[in-house]
Amino acid sequence: MLRIRFLLLALPLALVAPAQAQSSRIELPDMGSSAGGILAPGEERRIREELSRELYRLGLVIEDPLLESYIEELGYRLVAASDTEAPDFRFLLLRLRTINAFAAPGGLIATHAGLVLAASREDELAAVLAHEVAHVTQRHILRRHENMQRASLPILLGMLGALAASAGRTDDAAQAVIVGGLSLLEQQAINYTRQNEYEADRIGIQILARAGFDPEAMAGMFQRLARASRGPEQAVPEYLRTHPVTTSRIAEARQRAQAQRETPPPVAATFPLHPALGGFPHPLPAAGTAPASDPLRFRLMQERLRVLSARVPDDAVAFYRSAARREMSADPATTYGHALALVEASRLDEAQPLIAALLANQAARLEFRLLDADLKQRRGDLAAARAAFRELLADHPAHPAIVFAYVDALLQRGDAESALEAQALLRGRLTPSEGPRLHRSFARAAELAGDEIRASEAHAEAAFASGHLEDALGILERLARRTDLDHYQRARIEARIADLTPLVLELRRRSLNPPERRAG
């Protein structure tokens, strides 16, 4: 039976309307990790997967293959430069515009959209992730076991639910829900010791240097957040208060960065990427050198995240049409964000000239070509879109963003031949730990191909991955009652039922999820 007792100290919860802040003393978010208990082998991973499913269930995870690929590649580049012997991490982007990040048992590292948008360069974002990776590799989560016995996952998930329910509201009732929850969490949370935080800073800076990033970026990010906290009250977001970033912490981070420059640590040559990224060797640059990353790619991902984390696409369109953004119209990242916002808002004719201008300057750029192919697909030019996607796949084999975009295009055609091609593209990626998007796409492809059994199994996995375990179990139980299953199908389905049943029973016992209605 899965037993979970932990609370995220760097919980990604901040008030939606900072103008209503009651306190003039704003403390920065502790970008440190969570804490947990001494766990049996494999239990950390189960905790990680449960929390991931809850974040999906609450609609807080941005499901975009291009952004997912980016944050996974950046995260695993840092993991590759760490000393961990068990490189099993999961990196998620949350659509919250607050500035925060947190790590949880099992190597889950979640980053708010607001933190990515606050960074001035990729090195600063990498600094936050390196700090979180250090918390995981140094086992800070488990070392706080005794002090965390009073905290529990239901409190955390309840707060996440309150935040999700109140997102976008500015009324006093919504604020009261979150303020009350924050008060409860603040009372129960046990802050990291100064030793753990400084250790994560020290090792995080070493990871930065080994991965080829600027080791001074951590001090720079701390200083950026410190400056924000000294701004006018109405411009400063409310944070879950943990340890503030102090002047001494910034100074020590800068001193450590200088030490890394003077005596760079040894650098690993290559490291296999996470299986979701294809498993290809990932070369690391020499320590102390400039990052191998493309600076424009970071800016493009920032703008993509800005658009996809907006409340509605029209809000993003209005942002890019503001006076401040019009002055930056020649900036390719800003143009890309504006074009993407228009595409998401279905204003395709307005988006077309912007995309054409981007391609005129950088015709080979993956992000621009992918947006152009998406535009063709949405305009109904299916043949041109299919050709564009195939060209992209030929140039970037198995790239997740291209695969999913092409699969969407194939499924829109609605014929069995296209569905079989989509299944072939997705089949090698199917695992229970994948996000719901993959399983939903495979389910639709199986339906169009006439494979009802595989479609139902995929629908069950999609429900499971999105946190609806009751629905997933119900689908599988109905499927098991079919009389036309062969031996292998029945064995596979019954094995999955056996996997899910104790998880569902545990959820019922803890009453974390209200039971979904199950037909049959």
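This is a predicted model, so every value here is computed, not measured.

What counts and how
- Residues numbered from 1 in each chain as written.
- Predicted model: local features only at pLDDT ≥ 70, side-chain atom pairs only at ≥ 80, totals over all residues.
- Heavy atoms only, no water.
- Helix = DSSP H or I, 4+ residues; strand = E, 2+ residues; numbered from the N terminus.
- Buried < 20%, exposed > 50% of the residue type's maximum accessible area, 1.4 Å probe, protein only.
- Contact = heavy atoms within 4.5 Å.
- Areas by Shrake-Rupley, 256 points an atom, 1.4 Å probe, with all protein chains shown as cover.
- Pairing = 2+ DSSP bridges.
- Axes fitted to C-alpha atoms, helices over the stretch in contact; angles between N-to-C directions.
- Parallel < 35°, antiparallel > 145°, perpendicular 65-115°, else oblique.
- Left-handed = near helix turned anticlockwise from the far one by under 90°.
- Nonpolar A, V, L, I, M, F, W, Y, C, P; charged D, E, K, R; others polar.
- Expected span 1.5 Å × (residues − 1).
- Salt bridge = Lys/Arg side-chain N within 4 Å of Asp/Glu carboxyl O.
- Core = buried A, V, L, I, M, F, W, Y, C linked by side-chain atoms within 4.5 Å.
- Phe/Tyr/Trp six-rings, centres within 6.5 Å; stacked < 30°, edge-to-face > 60°.

S.K.: Sorry, what's going on with the overall build of the protein chain here?
M.R.: Per the secondary structure count, the protein chain includes 23 helices and five strands. The buried share of the protein chain, reckoned over its 520 residues, is 56%. Considering only contacts within the protein chain whose residues lie at least 6 apart along the sequence, 72% involve residues at least 24 apart. Roughly 21800 Å² of accessible area belongs to the protein chain as shown, and the carbon and sulfur atoms make up 52% of that amount.

S.K.: Any chance you could explain the pairing of strand β2 (residues 101-104) here in plain terms?
M.R.: On a regular strand, each side chain points to the face opposite its neighbour's, so the side chains alternate between the two faces of the sheet. Residues of β2 alternate between two faces, with Ala101 and Ala103 on one and Phe102 and Ala104 on the opposite face, all of them buried. Of the pairings in the sheet, the one linking β2 to strand β3 (residues 108-112) comprises four bridges and is antiparallel in character. Within β3, the residue paired with Ala101 across the bridge is Thr111. Between β2 and the antiparallel strand that follows it, β3, lie three residues; Gly106 among them carries a positive phi value of about 90°.

S.K.: Explain the packing of helix α2 (residues 65-80) against helix α4 (residues 122-137) to me, please; I cannot follow it from the model alone.
M.R.: Contact geometry of α2 with α4 gives a least axis separation of 10 Å together with a crossing angle of 60°. With respect to α4, the element α2 is oriented oblique. The way α2 lies across α4 gives a crossing that is right-handed. Of the residues in α4, those in contact with Tyr70, Ile71, Leu74, Leu78 and Val79 of α2 are Glu122, Leu125, Ala126, Leu129, Ala130 and Val133. Per-class residue counts for the contact of α2 with α4 are ten nonpolar, no polar and one charged.

S.K.: Before we go on, may I ask you to explain the sheet that holds β2 in this structure?
M.R.: Picture the strands of a sheet paired through backbone hydrogen bonds; they go either parallel or antiparallel. Spatially, the three strands line up as an open sheet ordered β1-β3-β2, and their pairing is mixed. Of all strands in the sheet, those bounded by a partner on one side alone are β1 (90-94) and β2. The sheet shows a mean angle of 15° between the axes of neighbouring strands, taken without regard to direction.

S.K.: What's the story with helix α20 (residues 436-448) in this structure? I'm lost.
M.R.: Count 3.6 residues to each turn of an α-helix, and residues three or four apart come out pointing the same way. Between the first and last C-alpha of α20 there are 19 Å, a value that for 13 residues agrees with the 18 Å anticipated at 1.5 Å per step. Looking at α20, one finds that the buried residues are Pro436, Leu438, His439, Ser441, Phe442, Ala443, Ala445, Ala446 and Leu448. Buried residues in α20 make contact with α1 (43-57), α18 (400-413), α19 (416-427) and α21 (452-465). One or two steps after α20, the chain reaches Gly450, where phi turns positive at roughly 85°.

S.K.: I tried to follow the pattern of salt bridges on my own but got confused; where do I start?
M.R.: Here the idea is simple: oppositely charged side chains can pair when their charged atoms come close. Inspection of the entire model under this criterion finds 39 salt bridges. For Glu344, the salt bridge is made with Arg378, and the minimal N-O distance between the two is 3.1 Å. In this pair, Glu344 sits in helix α14 (residues 332-344) while Arg378 sits in helix α16 (residues 366-378), placing the two residues 34 residues apart along the sequence. Judged by relative accessible area, which is 27%, Glu344 ranks as partly exposed. Using a relative accessible area of 37% as the deciding quantity, one classes Arg378 as partly exposed. Close ionic contact of Glu470 with Arg508 constitutes a salt bridge, the shortest N to O distance being 2.6 Å.

S.K.: Would you mind showing me how to read the pairing of β3 here?
M.R.: Burial of β3 is extensive: five of the five residues sit out of reach of the surface. Relative to β3, β1 is paired through five bridges, and the arrangement is parallel. Bridge pairing in β3 places Leu94 opposite His112.

S.K.: Could you clarify how one ought to interpret the environment of Phe298 in this entry?
M.R.: Structurally, Phe298 is set in helix α11 (residues 295-308). Counting along the chain gives 177 residues from Phe298 to Arg121, while the straight-line C-alpha distance between them is 7.2 Å. Residue contacts for Phe298: discarding those within four places in its chain leaves Tyr70, Val116, Ala119, Ser120, Arg121, Glu122 and Leu125.

S.K.: Would you mind showing me how to read the nonpolar core here?
M.R.: Across soluble globular proteins, nonpolar side chains show a tendency to be buried alongside one another. Ranked by size, the top nonpolar core spans 100 residues in total, and within it Leu78 and Leu125 carry the most contacts. Leu78 has contacts with Ala126, Leu129, Ala130, Ile207, Leu208, Ala211 and Phe213, leaving out every residue within four places of it along the chain. One finds Leu469, Leu479, Leu500 and Val504 within the second-largest nonpolar core, a separate group that totals 18 residues.

S.K.: How should I be thinking about the packing of aromatic side chains in this particular structure?
M.R.: Geometry of an aromatic ring pair is reported as the spacing of the ring centres plus the angle between the planes. Counted by the stated rule, this structure contains five aromatic pairs. For the pair Tyr76 and Phe91, a centre-to-centre distance of 5.7 Å together with 70° between the ring planes defines the contact as edge-to-face. One end of the pair, Tyr76, is in helix α2; the other, Phe91, is in strand β1, and 15 residues separate them in sequence. The same class applies to Tyr76 as to Phe91, namely buried.

S.K.: I keep staring at the environment of Glu477 and nothing clicks. Help me out?
M.R.: Within the fold, Glu477 resides in helix α22 (residues 469-480). Sequence separation of Glu477 and Ala460 is 17 residues, and the distance between their C-alpha atoms is 10.0 Å.

S.K.: Explain α18 here, please?
M.R.: Here α18 spans 20 Å end to end across 14 residues, near enough to the 20 Å set by a 1.5 Å rise per residue. Of all 14 residues in α18, ten are buried; the element is thus mostly enclosed. Taken together, the buried positions of α18 are occupied by Pro400, Ala401, Ile402, Val403, Phe404, Tyr406, Val407, Ala409, Leu410 and Leu411. Lining the buried residues of α18 we find α2, α16, α17 (382-395), α19 and α20. Backbone geometry just after α18 places Gly414 at a positive phi near 75°.

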